[in-house]
Amino acid sequence: MQYEITAPSQLNATIKLPASKSISNRALIIYALSGGSILPDNLSDCDDTEVIIEALRHNPYEINIKAAGTAMRFMTAYLAVKEGKEHVLTGTERMKHRPISVLVDALRRLGADISYVGEQGYPPLRIKGRRLEGGLLEIAGNISSQYISALLLIGPTLSKGLTLRLTGDIISRPYIDLTLWTMREFGAEADWSDFETIRVAPHPYNERAYYIENDWSAASYWYEMMALSHGDEDEIKLEGLMDGSKQGDSSVRYIFSLLGVKTIFETKQEGVPTTVTLRHSHRCVPRLEYDFVNSPDLAQTFVVCCALLNVPFHFRGLATLKIKETDRIEAMKTEMRKLGYVIHDANNSELYWDGERCEPQPEVGIDTYEDHRMALSFAPAALTVNTLRINQPQVVTKSYPHFWDDLTKATYSIKTTEP
């Protein structure tokens, strides 16, 4: 399937964003570990969260988390401490080629009983839950923060708690901080004891009612639209965001201020959802250099946006993009050529553009590689491309199921065609 997208002449919309996938997934694991009687409110309805809900609700022997990387990491740790239960954890064909040995090795050092069903180092996994003691564990800090978060989430259930020492460079620190913050919201005693060490006490989670705030990652695509729009009177209102949010991707508002987007909060009361208004500031940097080590999921949005704004860029801290739903570094280089932009990479962790152009291919649809963020980050390009085509657009259900409906509310024209 292919969508043919045409942008409106003016942007003026009020959008209720989806709930935060990151917080939802963390809160669900904590909910299950605390006894599981008070389900968090305003849970995300995306695919990644739904597979966790279904697994916790039905508790099948074989749990298929499909393409949900976060669910694979979090459920691996959760099932490892589910005493007396055995499960096989599997996913899509792509998931079976996404490495998980770092997490499995760490859990095994804590005493977990986990084996590989197929290829060593990759899902599917056979997990026999048991009581784990915990204690001191060293793990590289430059791996996916989801591995680290998975270990932290089970920390309060371990008889000796968990002391996690991160070695080398620590990437995606805001995602680790989000995990610790969510854990403390449920009564856990968990925090950094120094720059590289996290201590989690063997103190059980408390059951409580909990409200999930809306998603700053989803907001990033509307920021991109505002940056690419041309009308002085254009305005987008985004409902349900929090000022002072612990979500790492809330940094999007600061980065987009460099590209001419102004953020206005209706209220700045901390911890209270509010409406954010986006408008033009008419101030844009001539070049953007940024290290996305703490927010790699925003990188695709800024690659597309900067090129279309004719703002040369150099983005670093992208090493984890190689092991996401697809190799996002290669995917961005390939798909940006279809729009006429030659993007280069370096050191398996950088993308840059110095203004080099190529012949665009407007008739060729943007391929999404089973990666939701490819569709989401390229869709705003319709504001600068007469007609934009997106192949396999349904991939957005992984994180933002109602994205195309929201574009329609913003008076985009979306037609279904065959590629």
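Residues numbered from 1 in each chain as written. Predicted model: local features only at pLDDT ≥ 70, side-chain atom pairs only at ≥ 80, totals over all residues. Heavy atoms only, no water.

Re the overall build of the protein
Then step 1. Helices and strands together make up the secondary structure of the protein, namely 12 helices and 19 strands.
Then step 2. For 419 residues, the compact-globule formula gives about 22 Å, and the C-alpha radius of gyration of the protein, at 21 Å, lands near that figure.
Then step 3. Dimensions of the protein, computed from the C-alpha atoms along their principal axes, are close to 60 × 45 × 40 Å.
Then step 4. For the protein, restricting intrachain contacts to residue pairs at least 6 apart in sequence, the fraction spanning at least 24 positions comes to 73%.
Then step 5. Accessible area of the protein: about 16,300 Å², with a carbon and sulfur share of 45%.
Then step 6. Charge-centre separation for the protein: the mean point of 44 positive side chains lies 3 Å from the mean point of 55 negative side chains. (Helix = DSSP H or I, 4+ residues; strand = E, 2+ residues; numbered from the N terminus. Rg over C-alpha atoms; globule rule 2.2 N^0.38 Å. Contact = heavy atoms within 4.5 Å. Areas by Shrake-Rupley, 256 points an atom, 1.4 Å probe, with all protein chains shown as cover. Lys, Arg positive; Asp, Glu negative; His and termini not counted. Charge placed at Lys NZ, Arg CZ, Asp CG, Glu CD.)

Remarks on the state of the cysteines
Chemically, a disulfide is nothing more than a covalent bond linking the sulfur atoms of two cysteines.
Then step 1. Tallied over the full model, the rule gives zero disulfides.
Then step 2. Cys306 takes part in no disulfide bond, and the closest cysteine sulfur, belonging to Cys305, lies 5.8 Å away.
Then step 3. Between Cys358, a cysteine without a disulfide, and Cys306, which holds the nearest cysteine sulfur, the sulfur-to-sulfur distance is 17 Å. (Disulfide = S-S within 2.5 Å.)

A few points about the sheet that holds strand 10 (residues 197-200)
Then step 1. Taken in spatial order, the four strands of this open sheet run 7-8-10-9, and their pairing is mixed. One side of each edge strand has no neighbouring strand; the edge strands of this open sheet are strand 7 (135-140) and strand 9 (190-194). Going from strand to strand, the sheet's axes swing by 25° on average, the running direction of each strand aside.
Then step 2. Relative to strand 8 (residues 162-167), strand 7 runs parallel, the two being bridged by six bridges. Directly across from Gly135, in strand 8, lies its bridge partner Leu162.
Then step 3. Sheet strands in contact with helix 5 (residues 145-154) are strand 7, strand 8 and strand 10, and its direction is about 165° off that of strand 8.
Then step 4. Contacts from helix 6 (residues 173-185) reach strand 8, strand 9 and strand 10 within the one sheet, and its direction differs from that of strand 9 by about 130°. (Pairing = 2+ DSSP bridges. Axes fitted to C-alpha atoms, helices over the stretch in contact; angles between N-to-C directions.)

Some thoughts on the sheet that holds strand 14 (residues 288-291)
Then step 1. Read from one edge of the open sheet, four strands run 14-15-17-16, paired in mixed fashion. A single partner strand is all that each edge strand has here, and the edge strands are strand 14 and strand 16 (344-346). Strand-to-strand twist across the sheet, computed as the mean angle between neighbouring axes with direction ignored, equals 15°.
Then step 2. One ladder, built from three bridges, connects strand 16 with strand 17 (residues 350-353); its direction is antiparallel. Bridging across to strand 17, His344 finds its partner in Tyr352.

Overview of the nonpolar core
Then step 1. Of all hydrophobic cores here, the largest spans 72 residues; its most connected members are Trp222, Tyr223, Leu238, Phe302, Met336, Phe403 and Trp404.
Then step 2. The element that contributes the greatest number of residues to this core is helix 7 (residues 216-228), accounting for 10 residues.
Then step 3. Each residue touching Trp222, except ones within four places of it in the same chain, is listed here: Ile15, Leu17, Ile236, Leu238, Leu278, Tyr400, Asp406, Leu407 and Ala410. (Core = buried A, V, L, I, M, F, W, Y, C linked by side-chain atoms within 4.5 Å. Buried < 20%, exposed > 50% of the residue type's maximum accessible area, 1.4 Å probe, protein only.)

What about the environment of Gln120?
Then step 1. Along the chain, the position of Gln120 falls in the loop between strand 5 (113-116) and strand 6 (125-128).
Then step 2. Judged by its relative accessible area of 57%, Gln120 is exposed.
Then step 3. Sequence separation of Gln120 and Pro99 is 21 residues, and the distance between their C-alpha atoms is 9.2 Å.

Brief notes about the environment of Tyr147
Then step 1. Note that Tyr147 resides in helix 5.
Then step 2. The spatial distance from the C-alpha of Tyr147 to the C-alpha of Ala190 is 16 Å, given a sequence separation of 43 residues.
Then step 3. Excluding residues within four positions of it along the chain, Tyr147 makes contact with Arg73, Pro99, Ile100, Val102 and Leu103.

Quick notes on the packing of helix 1 (residues 21-33) against helix 5
Then step 1. The contact between helix 1 and helix 5 brings their axes to 10 Å, and the two run at 25°. Taken together, the axis directions place helix 1 and helix 5 in an arrangement best described as roughly parallel. Helix 1 and helix 5 meet at a crossing whose hand is right-handed. Seen from helix 1, the contacting residues are Arg26, Ile29, Ile30 and Leu33; seen from helix 5, they are Ser149, Leu153 and Ile154. (Parallel < 35°, antiparallel > 145°, perpendicular 65-115°, else oblique. Left-handed = near helix turned anticlockwise from the far one by under 90°.)

Digging into unusual backbone geometry
Leave glycine aside and you will find that most residues have negative phi; peptide bonds, for their part, are mostly trans.
Then step 1. Omega for the bond connecting Pro123 with Pro124 falls within 30 degrees of zero, at 5°, which places this linkage in the cis form.
Then step 2. For Pro124, the position within the fold is in the loop between strand 5 and strand 6.
Then step 3. The backbone of Asn310 sits at a positive phi, close to 60°, despite the residue not being glycine.
Then step 4. Within the fold, Asn310 resides in the loop between helix 9 (299-308) and strand 15 (313-316).
Then step 5. In the Ramachandran plot, Asn347 falls in the positive-phi region, its phi being about 60° despite a non-glycine side chain.
Then step 6. Inspection of the secondary structure assignment puts Asn347 in the loop between strand 16 and strand 17.
Then step 7. A relative accessible area of 62% means that Asn347 is categorised as exposed.

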